[in-house]
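Each chain, written out:
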Amino acid sequence: MTEKIHAPVIAWFDAHARDLPWRRPEAGAWGVMVSEFMLQQTPVNRVLPVYEQWLARWPRPADLAKEAPGEAVRAWGRLGYPRRALRLHGAAVAITERHGGDVPTEHAQLLALPGIGEYTAAAVASFAYGQRHPVLDTNVRRVLARAVTGVQYPPNATTAAERRLARELLPEDERTAARWAAASMELGALVCTAKNEGCTRCPIAAQCAWRQAGKPEHQGPPRRGQTYAGTDRQVRGKLLAVLREAHTPVPQARLDRVWHEPVQRARALDGLVTDGLVEPLPGGLYRLPLT
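What you are looking at is a predicted structure, and each value in this text was computed from that prediction instead of being measured. (Residues numbered from 1 in each chain as written. Predicted model: local features only at pLDDT ≥ 70, side-chain atom pairs only at ≥ 80, totals over all residues. Heavy atoms only, no water.)

The end-to-end C-alpha distance of helix α15 (residues 262-274) is 18 Å, a good match for the 18 Å that 13 residues give at a rise of 1.5 Å each. Within α15 the residues assigned to the buried category are Q264, R265, A268, L269, G271 and L272. Projected down its long axis, α15 shows its buried positions confined to an angular sector of 155°, all on one face. Set apart from the buried face of α15 by more than 90 degrees, the exposed residues are V263 and T274. Against α13 (232-245), α14 (252-256) and β3 (285-287) lie the buried residues of α15. Regarding α15, its N-cap is E261, as a side-chain oxygen of that residue lies 3.3 Å from the backbone nitrogen of V263 further along. (Helix = DSSP H or I, 4+ residues; strand = E, 2+ residues; numbered from the N terminus. Expected span 1.5 Å × (residues − 1). Buried < 20%, exposed > 50% of the residue type's maximum accessible area, 1.4 Å probe, protein only. Arc of directions from axis to C-beta. Contact = heavy atoms within 4.5 Å. Polar contact = N/O pair within 3.5 Å; in protein donor to acceptor, adjacent residues only side chain to side chain.)

Structure representation (structure tokens):
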């Protein structure tokens, strides 16, 4: 099975891969790292303009590290999950202090950076440096679940069995393994999607275990849906939008106008303060963090 799926998926990728800025040689390891932070739970079309503005302003980690963390939150815009901006700022500071401003090449060094987990370390090592690591994002997990395991969707959380399978499927050659990581991810993003999968366009449809089994319906726990309207996430986003647009501290009364329900609004604001995304000041004022 292993040899049968590598070549056709990589050949498909060579013909159909999107021309994305973080895939170009000039992006470098920093461009790859920024893209990986931004693309977590966020579609490519929303990331592209923010990514390009970010790299134009902060082309190297040291450029970002010199700024206050609140500027990273401000530049993050409406990408959502803004703690990612703080984590990326923290990683830039660590890269500047520990590695002379260059994104480290070793997987262990990447993993030791603040805000970087197993997936991001593997993705940067693979996509930026061409190394051999299993890269398991949602798209890859779905491709492997269907093509190899024969189920419609992977578990809600990544399992040890999935990691073991991904390691077993890695091509031995380092360059081919890195290409496989990118190709399988793109296949999940464009063809083997969560809904309306394009089996007629899939280069490994004939070998797909799920298709051969007649595409049985998902039997596992209910898949988590993402709600937004009326949630604390929405309130947090509205509060942050006011603070991003302001370049001086904002009074409590101005924040109070963004949401009608005072208990939920207070809870959301407290959460932003706890997460380090908002800094409270004397006199009931608030701003994006400076330290």
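A word on unusual backbone geometry. The backbone of Q41 sits at a positive phi, close to 65°, despite the residue not being glycine. Here Q41 lies in the loop between α2 (28-39) and α3 (44-57).

The next thing to look at is the side chain of R142. Tracing the chain through its elements places R142 in helix α9 (residues 138-149). Buried R142, no salt bridge; nearest opposite-charge side chain is D137, N-O distance 7.4 Å. If we skip the residues at most four places from it in the chain, R142 touches Q152, Y153, P154, G188, C192, T193 and A194. (Lys, Arg positive; Asp, Glu negative; His and termini not counted. Salt bridge = Lys/Arg side-chain N within 4 Å of Asp/Glu carboxyl O.)

Let us look at the pattern of salt bridges. Inspection of the entire model under this criterion finds 16 salt bridges. Where E172 meets R132, a salt bridge forms, and the shortest distance between an N and an O atom there is 3.5 Å. In this pair, E172 sits in the loop between α10 (160-169) and α11 (174-190) while R132 sits in the loop between α8 (118-129) and α9, placing the two residues 40 residues apart along the sequence. For E172, a relative accessible area of 67% gives the class exposed. Here K215 ties to E197 by a salt bridge, and the two come within 3.2 Å at their closest N and O atoms. One end of the pair, K215, is in the loop between α12 (209-212) and α13; the other, E197, is in the loop between α11 and α12, with 18 residues separating them in the sequence. Using a relative accessible area of 30% as the deciding quantity, one classes K215 as partly exposed. One connected set of salt bridges, linked through shared partners, spans R57, E67, E71 and R74.

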